[in-house]
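# Observations on the model geometry
Each chain, written out:
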Amino acid sequence: AKIGIFRLVILFRLPCLFTWYFLYFLYFLLRKLSARDRYISLCFESIDGVLLAGCTVVVRSSMNCRLQSIQLFCRRMSSFTAVQRGAEGTESYRLFFRNEKGSTVSPFHDIPMLNNPDKQIFNMVCEVPRFSNAKMEMATKEPLNPIKQDIKKGKLRYVANVFPYHGYLWNYGAIPQTWEDPGHKDARTECNGDNDPIDVCEIGHRVGARGDVIAVKLLGALAMIDEGETDWKIVCIDVNDPLAEKLNDIADVEREMPGLLEATVRWFRIYKIPDGKPANKFAFNDEFQSADFARSVVLETHEQWKALVGSKTSSDLAIGNATLANEASVQADAAATIESSTAEPGPSAPISPTVDTWRYC
């Protein structure tokens, strides 16, 4: 006897009420189509605050003992979708973003900085999932700014495993619609900006996925000085994390997650040493600043971003966008062409085993 199991997963970006109606319609349709040897169930469950709806059809045939299972899941998720182009582990790799209409957009310019303005909840674009090594970042100089792997001296860049840390300690990424202006000297650090969106470290329990757009609560800020440039590191947590309700400021992180902040400072201080770079330094005597301070820094960089996309400051960054309705905006068909003109998706390239080597500092 042969047994076949088939699973279909569909992700909906639809209002929740519409989703329930659709699933019940599907359920009754399948019941109509079913015979006496079929069993149909409709189930709903919640995992980590995400709504899942499942409709399972089991078909039993007395002739050949065949089992078929179809499951459809609906989940409440971000309205942005990441789309891979090229092959991971090669210079061709790109991760583009599409909005709820399926149009290609810029994660740098088109994803809003704020997820919920009333509650001061921000959006974060995850570039590097926790524990991974590939140094991924928005390609700020490429059209529509897809995520790509950084290249140094002609080679794909991987962050070293400086004992006892493996890869990044958190889900690492950036807040969209922010920019640390290299022409602006920060009075608090006495250094100019690093020409990138502001960096964030999401400290929740879930290991994210590259391209996730996560609603986060800001908790604090670390002022890193990287080769003479201001490089703010914002500490945040996914609003759906089990610890989110307990964490509202940087002191709460130390209380609930003892040792994490100390490890974070050490990681940022030494992570470039294996590459022959000096240790990084920090303003404010290596101390984290408050959540209010972090919000003020992010809002300052948002104003700097506004000047960037408004062409009010000189820059070599790509400011093309799909939603801002300014001189740099591109039409949907032109945005789709930008995405499709890159390499076709392919299998991941093998990664050198040296990426997993321990380094000691």
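Refer to the structure above for everything that follows.
What you see as residue numbers is a count from 1 along each chain, following the sequence as written. Under the rules for a predicted model, residues below a pLDDT of 70 receive no local features and side-chain atom pairs below 80 are neither given nor counted, while totals for whole chains, interfaces and linings still include all residues. Neither water nor hydrogens contribute to the side-chain values; these are computed over all heavy atoms in the structure.

The subject of this paragraph is unusual backbone geometry. Here the residue pair Phe 163 and Pro 164 is connected by a cis peptide bond, since its omega of 5° sits within 30 degrees of zero. Along the chain, the position of Pro 164 falls in the loop between β13 (161–162) and β14 (171–174). Unusually for a residue other than glycine, Lys 153 sits at a positive phi of about 55°. As for its placement among the helices and strands, Lys 153 is situated in the loop between β11 (151–152) and β12 (155–156). Non-glycine residue Asn 285 carries a positive phi angle of around 55°. Secondary structure elements follow DSSP: runs of H or I of four or more residues count as helices, runs of E of two or more count as strands, with numbering from the N terminus. Mapping Asn 285 onto the fold places it in the loop between β20 (281–282) and α4 (291–309). Accessible area is worked out with a 1.4 Å probe on protein chains only. A residue is then buried under 20% of its type maximum, exposed over 50%, and partly exposed in between. Its relative accessible area of 70% is what places Asn 285 among the exposed residues.

Right, let's get into the packing of aromatic side chains. Side-chain rings of Phe, Tyr and Trp, where Trp is taken by its six-membered ring, are said to pair if the distance between their centres is within 6.5 Å; with planes under 30 degrees apart they count as stacked, over 60 as edge-to-face, and otherwise as tilted. Here the structure, examined in full by the defined rule, presents 14 aromatic pairs. An angle of 80° between the planes, with centres 5.1 Å apart, marks the rings of Trp 170 and Trp 267 as edge-to-face. Residue Trp 170 is located in the loop between β13 and β14, and its partner Trp 267 is located in helix α3 (residues 260–270); the two are separated by 97 residues in the primary sequence. For the residue pair Trp 170 and Trp 267, the accessibility class agrees, reading buried in each case. Geometrically, the ring pair formed by Trp 170 and Phe 268 is stacked, given 4.9 Å between the ring centres and 15° between the ring planes. In this pair, Trp 170 sits in the loop between β13 and β14 while Phe 268 sits in helix α3, placing the two residues 98 residues apart along the sequence. The class of Phe 268 is buried, set by a relative accessible area of 1%. Aromatic rings pair up to connect Tyr 168, Trp 170, Tyr 172, Trp 267, Phe 268 and Tyr 271 into one cluster.

Another aspect to go through is the nonpolar core. By convention a nonpolar core is built from buried Ala, Val, Leu, Ile, Met, Phe, Trp, Tyr and Cys residues, the set being connected through side-chain atoms within 4.5 Å. If you look at the biggest cluster of nonpolar residues, it comprises 49 residues, and the most contacted ones within it are Trp 170, Ile 203, Val 253, Trp 267 and Phe 268. The dominant element in this core, judged by the number of residues it contributes, is α3, at six residues. Throughout, a residue-residue contact means that at least one pair of heavy atoms, one from each residue, lies within 4.5 Å. When residues no more than four places from it in sequence are discounted, the contact partners of Ile 203 are Trp 170, Leu 219, Val 235, Cys 236, Ile 237, Leu 247, Val 253, Met 257 and Leu 260. If you look at the next biggest cluster of nonpolar residues, it comprises 20 residues, including Phe 122, Ala 223, Trp 232 and Phe 293.

Here, a salt bridge means any side-chain nitrogen of Lys or Arg that lies within 4 Å of a carboxyl oxygen of Asp or Glu. Going through the model one piece at a time under the given rule, you end up with 21 salt bridges. Across the salt bridge formed by Lys 233 and Asp 199, the nearest N and O atoms sit 2.7 Å from each other. Here the residue Lys 233 occupies a position in strand β19 (residues 229–238), and Asp 199 occupies one in strand β17 (residues 199–202), the gap between them amounting to 34 residues. For the pair shown, Lys 233 and Asp 199 are each scored as buried.

Glancing now at empty space enclosed by the protein. In this analysis the probe radius is 1.4 Å and the grid spacing 1 Å, with only protein atoms considered; a cavity is a set of points the probe fits into but cannot get out of, a pocket is an open set with protein on both sides within 12 Å along at least five of seven lines, and lining residues have an atom within 4 Å of a point. Grid points are joined across faces, edges and corners, and a volume is the space filled by probe spheres set on the points. Enumeration according to the criterion identifies one cavity of 30 Å³ or more in this entry. Approximately 100 Å³ is the volume found for the largest cavity. Looking at the largest cavity, it is lined by 14 residues, and the ones nearest its centre are Glu 180, His 184, Asp 186, Trp 232 and Gln 304. At four residues, the largest contribution of residues to the lining of the largest cavity is made by α4. Lys, Arg, Asp and Glu make up the charged group, whereas Ala, Val, Leu, Ile, Met, Phe, Trp, Tyr, Cys and Pro make up the nonpolar group; the residues left over, Gly among them, are polar. For the lining of the largest cavity, a count of residues per class yields three nonpolar, six polar and five charged.

Let's shift gears to the pairing of β19. Judged by how many residues are buried, β19 sits mostly within the fold: nine of ten residues are covered. We call two strands paired when DSSP finds no fewer than two bridges between them. Looking at chain direction, strand β16 (residues 191–193) and β19 are connected through two bridges and run parallel. Bridging from a neighbouring strand, Asn 192 pairs with Glu 229 of β19. Relative to β19, β17 runs parallel, the two being bridged by four bridges. Bridging across to β19, Val 200 finds its partner in Ile 234. Of the pairings in the sheet, the one linking strand β18 (residues 213–226) to β19 comprises ten bridges and is antiparallel in character. Pairing of Val 216 across the sheet is with Asp 238, part of β19. As consecutive antiparallel partners, β18 and β19 are separated by two residues, and within that stretch Glu 227 has a phi angle of approximately 50°, a positive value.

Attention shifts here to the side chain of Asn 99. Within the secondary structure, Asn 99 is located in the loop between β5 (94–98) and β6 (104–105). With near-sequence residues (within four places) excluded, Asn 99 lies in contact with Ser 79, Phe 80 and Val 105.

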